[in-house]
Amino acid sequence: MLKTVFMKLQGPLWALCAFLTLVFWEPVAAQQLGVPQSSVVTLSSERLFAESAFGQRVLREIEAEGVLLGEENERIVAELSREEKVLTEQRATMTAEEFRPLADAFDEKVQSHREGQRAKLDVLARRSEEARQMFLELARPVLIDLLRESGASIIIERSSVFLSSDRTDITDAAIARINAAIGDGSAVENGASE
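S.K.: For the overall build of the chain, give the residues involved together with the corresponding values.
M.R.: In terms of helices and strands, the chain carries six helices and two strands. Along the chain direction, N to C, the helices and strands of the chain fall in the order α-β-α-α-α-β-α-α. In the chain, buried positions account for 23% of the 194 residues. Taking the contacts inside the chain whose residues are at least 6 apart along the sequence as the reference set, 82% of them involve residues at least 24 apart. Counting only carbon and sulfur atoms, one obtains 60% of the accessible surface of the chain, whose full area is about 13,400 Å².

Structure (structure tokens):
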């Protein structure tokens with residue numbers, strides 16, 4: 001008799017088991033993938049950029065360009081120092097009226113070089129900011145997937161949180177998935193510039 005009851009319940013029991021598996025599968029799968037289950041998760045955007053392959057490549061490139069800019073600046077300063085020394089020596093043999101146009105021209109040259117170097121620094125800063133914006137655009141789908149998998153309704157900047165559990169931080173998972181999705185981003189940037 002028990003066998004007959006079990007055989008009759010097997011269909012509905014199987015359906016119940018399948019339903020429960022589907023309902024609980026996503027959270028279990030997310031936990032197995034290292035994604036915390038929480039209504040609120042945190043993320044360090046600074047770490048996300050700096051520790052991603054994309055961010056590391058951009059930071060290396062900007063640092064290299066900064067070094068070249070520094071070397072160029074040193075050459076300009078050395079050249080201007082030599083010119084200033086020559087101008088100072090000429091001052092002893094000239095009248096004030098003869099010297100004034102030379103001094104004014106030298107001051108204009110110094111100011112022009114200073115503005116040129118400042119403009120180059122501004123370009124580097126803009127490039128860094130533009131790279132961060134592009135990174136966030138490329139990372140957005142990955143972050144949305146992590147948000148869904150965690151069951152969260154919001155991602156909060158980690159540095160803005162007074163106290164939280166490390167278990168709610170998705171930064172490491174985000175870095176790994178973004179690296180897998182876009183690598184260092186050079187192919188994406190090259191494709192965008194063509």
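S.K.: Explain helix α4 (residues 96–150) to me, using residue names and the numbers behind them.
M.R.: With 55 residues, α4 should reach 81 Å at 1.5 Å per residue; the first-to-last C-alpha distance of 77 Å fits that figure. At R140, α4 shows its largest bend, some 40°, and a proline, P141, comes one to four positions later. At the exit of α4 stands G151, carrying a positive phi of roughly 80°.

S.K.: Let's hear about the pattern of salt bridges: which residues, and what values?
M.R.: In the structure shown here, the tally under the stated rule is 14 salt bridges. For R47, the salt bridge is made with D172, and the minimal N-O distance between the two is 2.3 Å. Within this pair, whereas R47 is found in helix α2 (residues 45–51), its partner D172 is found in helix α5 (residues 171–182), the two being separated by 125 residues in sequence. Between R57 and E61 there is a salt bridge, with its nearest N and O atoms 3.1 Å apart. Of the two residues, R57 and E61 are both situated in helix α3 (residues 53–91); the distance of four residues between them amounts to about one turn of the helix.

S.K.: I'd love a proper account of the environment of I170, names of residues and values included.
M.R.: Here I170 shows up in the loop between β2 (154–157) and α5. Of the residues examined, I170 reaches a relative accessible area of 0% and is grouped as buried. Along the chain, I170 and L43 lie 127 residues apart, while their C-alpha atoms are 5.6 Å from each other.

S.K.: Help me get a handle on the nonpolar core, residues and values and all.
M.R.: Ranked by size, the top nonpolar core spans 22 residues in total, and within it L48, F54, F135, A174 and I178 carry the most contacts. Broken down by secondary-structure element, the contributors of at least two residues to this core are β1 (40–43), α2, α3, α4 and α5. The biggest single contributor to this core is α4, with seven residues. Contacts of F135, omitting those with residues within four sequence positions, involve L48, F49, S52, F54, I178 and I182. The next biggest cluster of nonpolar side chains, apart from the first, holds seven residues, and it includes L80, L87, F99 and V110.

S.K.: Which residues make up the confidence of the model for the chain, and what are the values?
M.R.: With 79% of its residues at a pLDDT of at least 70, the chain reaches an overall mean of 83. Ranking the elements of the chain by mean pLDDT puts helix α1 (residues 2–32) last with 44 and α2 first with 96. Contacts from residues 11–33, a stretch scored under 50 in pLDDT, to residues over four places away or in other chains number eleven contacts.

S.K.: A description of the packing of aromatic side chains should follow, citing residues and the corresponding values.
M.R.: Counted by the stated rule, this structure contains three aromatic pairs. Plain terms: the ring middles of F49 and F54 are 6.3 Å apart, the flat faces sit at 65° to each other, and that makes the pair edge-to-face. A single burial state applies to F49 and to F54, both of which are buried. The class of F54 is buried, set by a relative accessible area of 0%.

S.K.: Any chance you could break down α5 for me, citing the residues and the numbers?
M.R.: Between the first and last C-alpha of α5 there are 16 Å, a value that for twelve residues agrees with the 16 Å anticipated at 1.5 Å per step. Residues T171, A173, A174, I175, I178 and I182 constitute the buried set of α5. Next to the buried residues of α5 lie β1, α2, α3 and α4.

S.K.: Help me get a handle on the packing of α3 against α4, residues and values and all.
M.R.: Between α3 and α4, the shortest axis-to-axis distance is 11 Å and the interhelical angle comes to 175°. Accordingly, the angle class assigned to the pair α3 and α4 is roughly antiparallel. Of the residues assigned to the contact of α3 with α4, the class counts are 19 nonpolar, six polar and ten charged.

Rules of the game
Residues numbered from 1 in each chain as written. Predicted model: local features only at pLDDT ≥ 70, side-chain atom pairs only at ≥ 80, totals over all residues. Heavy atoms only, no water. Helix = DSSP H or I, 4+ residues; strand = E, 2+ residues; numbered from the N terminus. Buried < 20%, exposed > 50% of the residue type's maximum accessible area, 1.4 Å probe, protein only. Contact = heavy atoms within 4.5 Å. Areas by Shrake-Rupley, 256 points an atom, 1.4 Å probe, with all protein chains shown as cover. Expected span 1.5 Å × (residues − 1). Bend = angle between axes of the 7 residues up to and from the residue. Salt bridge = Lys/Arg side-chain N within 4 Å of Asp/Glu carboxyl O. Core = buried A, V, L, I, M, F, W, Y, C linked by side-chain atoms within 4.5 Å. pLDDT = per-residue confidence, 0-100. Phe/Tyr/Trp six-rings, centres within 6.5 Å; stacked < 30°, edge-to-face > 60°. Axes fitted to C-alpha atoms, helices over the stretch in contact; angles between N-to-C directions. Parallel < 35°, antiparallel > 145°, perpendicular 65-115°, else oblique. Nonpolar A, V, L, I, M, F, W, Y, C, P; charged D, E, K, R; others polar.

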